[in-house]
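Understanding the architecture of this molecule
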Amino acid sequence: MRVALAQVNLTIGDFAGNLLKIREALVRARAERADLLILPELGISGYPPGDLLERASFLRDHTRALEELVPESRDIAILTGAILPAPEGGPKRISNSAVLLDRGEIAHVQAKTLLPTYDIFDESRYFQPAKERRVFRFRERTIGIAICEDLWSGKFWGPRRPYPIDPVDELVAQGAEVIFAISASPWNQGKMS
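Residues numbered from 1 in each chain as written. Predicted model: local features only at pLDDT ≥ 70, side-chain atom pairs only at ≥ 80, totals over all residues. Heavy atoms only, no water.

**Quick word on helix 1 (residues 15-31)**
Across its 17 residues, helix 1 extends 24 Å between first and last C-alpha, which sits within 8% of the 24 Å expected from 1.5 Å per residue. Residues of helix 1 that are buried include every one of Phe15, Gly17, Asn18, Leu19, Ile22, Ala25, Leu26 and Ala29, and no others. On its buried face, helix 1 sits against strand 1 (3-5), strand 2 (36-38), helix 2 (56-69) and strand 3 (77-85). (Helix = DSSP H or I, 4+ residues; strand = E, 2+ residues; numbered from the N terminus. Expected span 1.5 Å × (residues − 1). Buried < 20%, exposed > 50% of the residue type's maximum accessible area, 1.4 Å probe, protein only. Contact = heavy atoms within 4.5 Å.)

Okay, here's the thing in structure tokens:
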């Protein structure tokens with residue numbers, strides 16, 4: 001499986017501009033014959049959208065942009081962060097999710113589990129956390145998806161783990177051969193997540 005990583009500089013709420021950057025990354029990924037293009041956390045809206053998440057027009061524009069992106073996956077799969085409706089019965093109406101677009105449809109969705117509320121982050125104010133993490137089959141591999149903070153609860157912390165749940169450990173226990181981790185943090189060599 002050939003994977004292309006797109007470290008794109010997105011602008012919060014510039015859906016047209018963000019889609020243009022995503023399409024440019026798709027052109028490069030196709031030229032490299034990639035099977036999958038991976039985009040950042042909330043790769044359609046930009047991160048962090050903050051109180052814009054409380055505007056119906058922002059969520060509507062995001063949904064339109066996602067719907068516009070889905071057909072782009074007919075010949076190359078796309079993994080991107082997206083704002084999706086949360087499952088019924090939770091206190092929040094949206095989730096910070098990763099969506100795998102493949103063959104012109106949404107093939108898999110994984111909501112973020114660990115929602116940070118420190119420093120500049122206030123994700124639990126807006127988003128419903130995932131109740132479960134599930135692996136899935138993709139290109140003959142068992143895949144798991146983690147979103148940024150979901151990587152930050154491993155055993156490497158020792159007894160002072162910041163969260164009682166370890167999403168990555170759960171995915172590995174389910175047989176994940178590969179875990180795709182999307183984040184809005186700029187990547188650099190040697191970075192832990």
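**Let's talk about the sheet that holds strand 6 (residues 136-138)**
Reading across the sheet, the three strands line up as 6-7-8 and stay open at both edges, with mixed pairing between neighbours. Edge positions in the sheet fall to strand 6 and strand 8 (178-182), since each of these pairs with one other strand and no more. Averaged over neighbouring strand pairs, the angle between their axes works out to 45° when direction is ignored. Taken together, the five bridges between strand 7 (residues 141-147) and strand 8 define a ladder with parallel strand orientation. Each bridged residue has a counterpart across the sheet, and for Ile145 the counterpart in strand 8 is Phe180. (Pairing = 2+ DSSP bridges. Axes fitted to C-alpha atoms, helices over the stretch in contact; angles between N-to-C directions.)

**Focus on the packing of aromatic side chains**
One pass over the full model with this rule turns up two aromatic pairs. Each ring, one from Phe15 and one from Phe58, has its centre 5.2 Å from the other, and the planes form 55°; the classification is tilted. Here the residue Phe15 occupies a position in helix 1, and Phe58 occupies one in helix 2, the gap between them amounting to 43 residues. For Phe58, a relative accessible area of 6% translates into the label buried. With a centroid separation of 5.5 Å and 70° between ring planes, the pair formed by Tyr118 and Phe121 is classed as edge-to-face. A relative accessible area of 23% places Phe121 in the partly exposed class. (Phe/Tyr/Trp six-rings, centres within 6.5 Å; stacked < 30°, edge-to-face > 60°.)

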